[in-house]
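# A structural walkthrough
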Amino acid sequence: MKKYIVSILLSCLLLTGISSLAQSAKNFRLIAHRGGIVDSTAEQNSLQALTKAIEKGYWMVEIDLRMTKDGVLVTHHDKTFKNSFGLDAAVSSMTWEAISKLHNANGYRVLKLEEVLQNCKGKLGVMIDNKLNGNDTAVWMRLISLLKKYNLYSNALMIGTDESTEFFTGKIKLSCTRQQLEDNMRRPDYKSSNYYLFSDSISKDDNDWASRHKILVIGVINAWAFHGMDTISQAKAQVERLKAAGVKHFQIDAEYESLFVH
């Protein structure tokens, strides 16, 4: 009987520890930059990276939107396929049929936007980095239809372009600096729900100001911003500054995930 009680107590302590760790991670909402958890085994905007983000319980995934020559919406970070496949050709210069045949040594293949959204449905939200030039409203309506099809539209975020801003205002929450937000407040159709504050440099004043105006705040921790040998220390310092400012939502590269779990 005594051993049974001890066993129960140990189990309770273990579960409490796991719960505490999980709660620590839940203090922040994380968005996986570049299509998921990118590492030596999973390339950016790959199905492997996306699956890892889902398994880890990320809040959202940031995906890079591009379009093929024949109008198929795909996810791919770079303008060309040089880094991924050694092919110096623009995404927009090739048909989907040709692109779908591309595979590299790691098994990476380009994904249609719809395949990504289908995998995200009911599992994590999406932040769309719009890399399309121009303001083709027919393409934007296709995008919105796909988001609605997979129940991702109402909470979607967008890193937009100057050309498409007017179309998407009031349709998808758009990234802004504080100055852009203050300018937008002068618009007769201004709503705080139309925008979010998005920056790697957010002060406590910025965060408090956004909170008073009911504006979502998202800090940025991206690898491209850090240079030299000790990039982890640089990232840690930036994370601590943003945490001290009160930021709770972050778009991050996966190598900095440990900075949010205690």
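Residues numbered from 1 in each chain as written. Predicted model: local features only at pLDDT ≥ 70, side-chain atom pairs only at ≥ 80, totals over all residues. Heavy atoms only, no water.

### What about the overall build of the protein chain?
- Helix and strand counts for the protein chain stand at 10 helices and 12 strands.
- Out of the 262 residues in the protein chain, the part that is buried amounts to 45%.
- Counting contacts in the protein chain only where the partners sit at least 6 residues apart, residues at least 24 apart contribute 61% of the total.
- For the protein chain, the exposed area adds up to about 13900 Å²; of that, 54% sits on carbon and sulfur atoms. (Helix = DSSP H or I, 4+ residues; strand = E, 2+ residues; numbered from the N terminus. Buried < 20%, exposed > 50% of the residue type's maximum accessible area, 1.4 Å probe, protein only. Contact = heavy atoms within 4.5 Å. Areas by Shrake-Rupley, 256 points an atom, 1.4 Å probe, with all protein chains shown as cover.)

### Examining the environment of Arg241
- You can see Arg241 is positioned in helix 10 (residues 231-244).
- Distance from Arg241 to Ser201, taken between C-alpha atoms, is 8.4 Å for residues 40 residues apart in sequence.

### Considering the confidence of the model for the protein chain
- Averaged over all residues, the pLDDT of the protein chain is 91; the fraction at 70 or higher stands at 90%.
- For residues 1-24, every residue scores under 50 in pLDDT, and the model assigns this stretch five contacts once sequence neighbours within four places are set aside. (pLDDT = per-residue confidence, 0-100.)

### So, the pattern of salt bridges
- Throughout the structure, instances matching the rule amount to 16 salt bridges.
- Here Asp206 makes a salt bridge to Arg178, at a shortest N to O gap of 3.0 Å. Taken together, the residues Asp206 in helix 9 (residues 204-212) and Arg178 in helix 8 (residues 178-184) connect sequence positions 28 residues apart.
- Its relative accessible area of 16% is what places Asp206 among the buried residues.
- Counted as one network, the salt bridges with shared partners bring together Arg178, Glu182, Asp205 and Asp206. (Salt bridge = Lys/Arg side-chain N within 4 Å of Asp/Glu carboxyl O.)

### Structural notes on the packing of aromatic side chains
- Evaluated as defined, the whole model comprises 10 aromatic pairs.
- Ring geometry for Tyr190 versus Tyr195: centroids 5.9 Å apart, planes at 10°, classification stacked.
- Taking the relative accessible area as the measure of exposure, Tyr190 reaches 22% and is therefore partly exposed.
- Using a relative accessible area of 2% as the deciding quantity, one classes Tyr195 as buried.
- Grouping aromatic residues by their ring pairs yields a cluster made of Phe28, Phe250 and Phe260.
- Above the face of the Tyr153 ring, Lys148 is positioned so that its terminal group lies 5.1 Å from the ring centre.
- A cation over a ring is seen here: Lys171 above Phe167, with NZ or CZ 4.4 Å from the ring centre. (Phe/Tyr/Trp six-rings, centres within 6.5 Å; stacked < 30°, edge-to-face > 60°. Lys NZ or Arg CZ within 6 Å of the ring centre and 35° of its normal.)

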